[in-house]
Amino acid sequence: MPADRLHLVRHGEVHNPERVLYGRLPNYRLSEPGRGMARAAAEYVHGLERPVTALYASPLQRTRESAEPFTELFGLDPVIDERVIEPTNVFEGTQMRRALRDPRNWRHLRAPSIPSWGEPYLDVVARMDDAMDDAWDAAPSGDVVVVSHQLPIWITHLSVAGLPLRHDPRRRRCSLSSITSFERVGDVWREVSYAEPAATGGAVDVGAV
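Not measured: the values here are computed from a predicted model. Residue positions are counted from 1 within each chain, in the order its sequence is given. This being a predicted model, a pLDDT of at least 70 is required before a residue's local features are given, and a value of 80 or more before pairs of side-chain atoms are given or counted; all residues contribute to the totals for chains, interfaces and linings. Calculated side-chain values reflect all of the structure's heavy atoms, with hydrogen atoms and water omitted.

Participant: So what's going on with the sheet that holds strand β4 (residues 143-148)? Which residues, and what values?
Facilitator: In this description, strands pair whenever DSSP reports at least two bridges between them. Under the DSSP-based scheme used, a helix requires at least four consecutive residues in state H or I and a strand at least two consecutive residues in state E, with every element numbered from the N terminus. The strand order across the open sheet formed by 6 strands is β3-β2-β4-β1-β5-β6, and the pairing between neighbours is mixed. Each edge of the open sheet carries a strand with a single partner, namely β3 (79-80) and β6 (188-195). Of the strand pairs in this sheet, strand β1 (residues 5-10) and β4 are connected by 6 bridges, and their pairing is parallel. From the neighbouring strand, Arg10 faces β4, where its bridge partner is Ser148. Two residues form a contact once any of their heavy atoms are found within 4.5 Å. The axes are straight lines fitted to the C-alpha atoms, using for helices just the contacting stretch, and the angles between their N-to-C directions are given from 0 to 180°. Seen against the sheet, helix α2 (residues 61-74) touches β1, β2 (52-57), β3 and β4 and runs at an angle of roughly 165° to β2. Sitting on the sheet, helix α5 (residues 150-161) touches β1, β4, β5 (179-185) and β6, and the angle it makes with β1 is about 140°.

Participant: Outline the side chain of His157, listing residues and values.
Facilitator: Checked against the element boundaries, His157 lands in helix α5. There is a polar contact of 2.6 Å between the side chain of His157 and the side chain of Glu191. Contacts of His157, omitting those with residues within four sequence positions, involve Leu163, Arg173, Phe182 and Glu191. Polar contact criterion, stated in full: a pair of N or O atoms within 3.5 Å, where within protein one must be able to donate a hydrogen and the other to accept it, and residues adjacent in sequence count only if both atoms are side-chain atoms.

Participant: So what about the packing of aromatic side chains? Which residues, and what values?
Facilitator: Only the six-membered ring of Trp is used, alongside the rings of Phe and Tyr, when aromatic pairs are assigned; centres must lie within 6.5 Å, and planes under 30 degrees apart are stacked while those over 60 apart are edge-to-face, with the rest tilted. Enumeration over the complete set of coordinates arrives at 3 aromatic pairs. Between Phe70 and Phe74, the aromatic rings sit 6.3 Å apart at their centres with planes inclined by 15°, giving stacked as the arrangement. Of this pair, Phe70 and Phe74 both sit in helix α2, 4 residues apart, which is roughly one turn of the helix. Grouping residues by exposure puts Phe70 and Phe74 together as buried. A 1.4 Å probe rolled over the protein chains alone gives each residue an accessible area, and that area as a share of the maximum for its type sets the label: buried under 20%, exposed over 50%, partly exposed in between.

Participant: Any details on the pattern of salt bridges? Residues and values, ideally.
Facilitator: Any Lys or Arg side-chain nitrogen located within 4 Å of an Asp or Glu carboxyl oxygen qualifies as a salt bridge. On inspection of all chains with the given rule, the structure shows 19 salt bridges. Here Glu183 makes a salt bridge to Arg190, at a shortest N to O gap of 3.0 Å. A cluster of three or more residues bridged by salt bridges with shared partners is formed by Arg5, Glu183 and Arg190.

Participant: Go over the packing of helix α4 (residues 121-138) against α5 with me, naming the residues and quoting the values.
Facilitator: Taken N-terminus to C-terminus, the directions of α4 and α5 make an angle of 90°; their axes are 9 Å apart at the nearest point. Classified by the angle their axes make, α4 and α5 are roughly perpendicular. The residues of α5 that touch α4, namely those facing Tyr121, Val124, Val125, Met128 and Met132, are Leu151, Pro152, Ile155, Thr156 and Ser159. Angles below 35 degrees are treated as roughly parallel, those above 145 as roughly antiparallel, those between 65 and 115 as roughly perpendicular, and all remaining angles as oblique.

Participant: Outline the pairing of β1, listing residues and values.
Facilitator: Look at any regular strand and the pattern is simple: side chains alternate between the two faces of the sheet. Within β1, 6 of the 6 residues are buried, which leaves it mostly tucked inside the rest of the structure. Taking every second residue as pointing to the same face, both faces of β1 are buried, with Arg5, His7 and Val9 on one and Leu6, Leu8 and Arg10 on the other. In terms of strand pairing, β1 meets β5 through 4 bridges, oriented antiparallel. Looking at the pairing, Val9 lines up with Ile179 of β5.

Participant: Residue-level account of empty space enclosed by the protein, with values.
Facilitator: Residues are said to line a cavity or pocket when one of their atoms sits within 4 Å of a point; the points come from a 1 Å grid over protein atoms alone, cavities being sets where a 1.4 Å probe fits but cannot get out and pockets being open sets with protein on both sides within 12 Å along at least five of seven lines. Grid points are joined across faces, edges and corners, and a volume is the space filled by probe spheres set on the points. Within the structure shown, the criterion is met by 2 cavities of 30 Å³ or more. When its volume is computed, the second largest cavity comes out at roughly 40 Å³. Take the lining of the second largest cavity: its biggest share by element is 4 residues, from α4. For the lining of the second largest cavity, a count of residues per class yields 8 nonpolar, no polar and 1 charged. Put simply, Ala, Val, Leu, Ile, Met, Phe, Trp, Tyr, Cys and Pro go in the nonpolar bin, Asp, Glu, Lys and Arg in the charged bin, and everything else, Gly too, in the polar bin.

Participant: Go over α5 with me, naming the residues and quoting the values.
Facilitator: By this rule, a helix spans an expected 1.5 Å times one less than how many residues it contains. Helix length check: α5, at 12 residues, gives a terminal C-alpha distance of 16 Å against a target of 16 Å (1.5 Å per residue), a fit within 8%. With 9 of its 12 residues buried, α5 lies for the most part within the structure. Along its buried surface, α5 packs onto β1, α4, β4, β5 and β6. A positive phi of about 75° marks Gly162, the residue just after α5.

Participant: Outline the environment of Ala38, supporting the account with residue identities and numerical values.
Facilitator: Its place among the elements puts Ala38 in helix α1 (residues 32-47). In this structure Ala38 comes out as buried when scored by relative accessible area, which is 3%. When residues no more than four places from it in sequence are discounted, the contact partners of Ala38 are Leu30, Ser66, Pro69, Phe70 and Ser177.

Read these as layout, nothing more, since geometry by itself doesn't imply function.
Structure, rendered in structure tokens:
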């Protein structure tokens with residue numbers, strides 16, 4: 001029997017005093033409030049009183065740290081899956097507003113539907129779908145938790161909903177430590193809920209584009 005439900009959980013707030021687009025850069029850890037956010041997400045899933053039988057996480061530090069409360073509450077060690085990692089981005093390591101004012105960077109904005117500044121959306125959809133299918137099929141029963149990043153989670157939502165993948169990054173419904181939940185019927189994914197259990201007022205959230 002496959003899993004019953006799959007939860008895509010975004011990581012908590014990152015310690016990012018310079019407010020750069022950190023992307024896949026190493027050593028970007030959770031802030032202290034971010035650890036509280038991650039804990040709130042794990043407690044929310046625990047409060048659903050549904051058995052969680054598998055835990056996956058992106059290899060980046062912020063997602064591995066966000067998986068720690070799930071390990072504490074469910075007794076599961078995370079399986080690291082490269083397929084649920086943050087996409088590549090040419091603006092990585094920069095302050096986004098400053099980078100966009102530089103005419104030398106404007107060429108990266110020529111095709112936002114792809115997008116031309118990073119990993120193609122269709123590639124993100126494909127790898128996330130593969131990771132979700134494999135995690136679903138590998139679970140003997142119960143729920144699966146996957147700790148990932150804003151763009152992969154949001155682009156999965158758009159794909160499952162049958163919506164265009166091109167979008168304004170500022171309008172994503174995927175806050176820090178949010179939980180987007182799916183079920184699979186046959187080979188078709190459907191979204192069943194979205195929750196924001198963590199207090200994120202005043203949080204720094206500039207790491208995704």
